[in-house]
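Each chain, written out:
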Amino acid sequence: MTTIESKAIAVRHERIDDAAAGQRIDNYLLRLAKGVPKSHVYRILRSGEVRVNGRRVQQTYRLQEGDEVRIPPIRIAEPTRSAPAPAGKPLPVVYEDDALLVIDKPSGKAVHGGSGVSYGVIEQLRVQRPELRMLELAHRLDRETSGLLIVAKKRSALTALHDMMRAGSVEKRYLTLVPGRWTNAMQHVRAPLYKYLTPEGERRVRVAEDGKPAHSIVRLVRRWRDYSLLEVELKTGRTHQIRVHLAHLGFPLCGDDKYGDFALNKQLEGEGLRRMFLHAALLRFAHPLSGAALSFASPLPDDLQSFIERLDAAEKNAHG
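No experiment lies behind these values; they were computed from the predicted model shown.

By the criterion of burial, strand β8 (residues 171-179) is predominantly enclosed, with nine of the nine residues buried. Burial along β8 is two-sided: E171, R173, L175, L177 and P179 and K172, Y174, T176 and V178, pointing in opposite directions, are all buried. Bridge count for β8 against strand β14 (residues 278-286) is six bridges, and the pairing is antiparallel. Bridge pairing in β14 links L175 to H279.

Following this line, the structure appears as structure tokens:
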């Protein structure tokens, strides 16, 4: 939406295209009028100043392609203009069609701007692909986590993917390395997770009775004398779930700077592991629009693979 400082913008009429179809009218307005207080957006909805096809609608109304939305004059301040995200190197695309794309996110890249990061994967994609009317993250990965990430190109696909994730019908598996000898071939971890802020304002998660239900399935992939390579399947998608579940069990992720063993992390850095060992390795789900079965796998990136090879070599020498 064009913004003019301290001037009311004239009544607008917006035609809904397939990129916006499926979105709730309140969310549509909040996105369109960034900077407008939420209370004001809900007031103009309640008062009937917003009309869809000439009629009043509830805030829960889902927009359909072809709808015409009347938006009354809205006063908004000029937003501070940040520099656009640089296009950078093309992100590795694993799969793409009209509805979605799956990228293999490199470690060290945030999925979106915020929290001291001016831009992330989604902002970079929008610069690289200006012809696409919509690009939205279907889920998130931590900045240091590498691997498979789904981005929606249509509102209908995004809504369906979110519903599928809530229902647990998107299979997500990660590979991680932990110190110590994990013994169970397969273990279900059910421990509720509670989000909180540290006194410095940093987001953290802990296992707590009053937290949200969280379920991980941990499988042993390989084991060395001092380390175990695990595959973790997420049945719920809570913030920092794998990191907190495994730390809670006494197996913090190698290289984890929030929940890990800091002395060990320092040692590992000297041995070549310079980031958290967590990789989104596998995705399986039905296509959100066609229902076709989709399956994607991403091999360990070079930095993690070379550390595994280092462990192999050390073990071989120890037995040599």
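Still more to cover.
This brings us to the pairing of strand β12 (residues 215-223). The pairing of strand β9 (residues 186-190) with β12 spans five bridges and is classified as antiparallel. In the strand pairing of β12, Q187 is matched with V218. Two elements, β12 and strand β13 (residues 227-234), share seven bridges in a ladder whose sense is antiparallel. Across the sheet, residue V218 finds its bridge partner in β13, namely V232.

Those residues of helix α6 (residues 262-270) not exposed but buried are L264, N265 and L268. Along α6, the residues classed as buried sweep out an arc of 100° about the axis, all on the same side. When the buried face of α6 is taken as reference, the exposed residues oriented beyond 90 degrees from it are F262, A263, K266 and G270. Close packing links the buried residues of α6 with β8, β13 and α7 (302-319). Backbone nitrogen of A263 and a side-chain oxygen of the N-cap are separated by 3.2 Å at the start of α6; the cap is D261. G272 sits one or two positions beyond α6 and adopts a positive phi of about 110°.

Attention shifts here to a positive patch on the surface. Residues R140, K195, R203, K212 and R238 make up a contiguous surface patch of positive charge. What makes K212 exposed here is its relative accessible area of 52%.

Attention shifts here to unusual backbone geometry. Backbone geometry places N53, a non-glycine residue, at a positive phi of 55°. Locating N53 in the fold gives a position in the loop between β2 (51-52) and β3 (68-71). You can call N53 partly exposed: its relative accessible area is 36%.

Moving on, we come to the environment of R222. The topology assignment puts R222 in strand β12. The class of R222 is partly exposed, set by a relative accessible area of 34%. On a C-alpha basis, the gap between R222 and R181 in space is 9.7 Å, while along the polypeptide they are 41 residues apart. In contact with R222, not counting residues within four places along its chain, are S228, L229, I308 and D312. One polar contact links R222 to D312, side chain to side chain, over a distance of 2.6 Å.

Moving on to the packing of helix α1 (residues 25-32) against helix α2 (residues 38-46). Orientation of α1 relative to α2, taken along the N-to-C sense of each, is 130°, at an axis distance of 10 Å. Regarding the angle of α1 to α2, the classification is oblique. For α1 against α2, the interelement crossing comes out right-handed. Contacts from I25, D26, L29 and L30 in α1 reach K38, V41, Y42 and L45 in α2. Its residues assigned to classes, the contact of α1 with α2 shows six nonpolar, no polar and two charged.

Our next topic: the confidence of the model for the chain. Mean pLDDT over the chain: 89, with 91% of residues reaching 70 or higher. Low confidence marks residues 1-8, where pLDDT is under 50. Its contacts with residues over four positions away, or in another chain, come to 25 contacts. Of the regions scoring below 50 in pLDDT, residues 76-81 engages in 15 contacts with residues more than four places distant in sequence or in other chains.

Conventions used here
Residues numbered from 1 in each chain as written. Predicted model: local features only at pLDDT ≥ 70, side-chain atom pairs only at ≥ 80, totals over all residues. Heavy atoms only, no water. Buried < 20%, exposed > 50% of the residue type's maximum accessible area, 1.4 Å probe, protein only. Helix = DSSP H or I, 4+ residues; strand = E, 2+ residues; numbered from the N terminus. Pairing = 2+ DSSP bridges. Arc of directions from axis to C-beta. Contact = heavy atoms within 4.5 Å. Polar contact = N/O pair within 3.5 Å; in protein donor to acceptor, adjacent residues only side chain to side chain. Patch = residues over 30% accessible without salt bridge, like charges linked within 9 Å, V, L, I, M, F, W, Y side chains within 5 Å. Areas by Shrake-Rupley, 256 points an atom, 1.4 Å probe, with all protein chains shown as cover. Salt bridge = Lys/Arg side-chain N within 4 Å of Asp/Glu carboxyl O. Lys, Arg positive; Asp, Glu negative; His and termini not counted. Charge placed at Lys NZ, Arg CZ, Asp CG, Glu CD. Axes fitted to C-alpha atoms, helices over the stretch in contact; angles between N-to-C directions. Parallel < 35°, antiparallel > 145°, perpendicular 65-115°, else oblique. Left-handed = near helix turned anticlockwise from the far one by under 90°. Nonpolar A, V, L, I, M, F, W, Y, C, P; charged D, E, K, R; others polar. pLDDT = per-residue confidence, 0-100.

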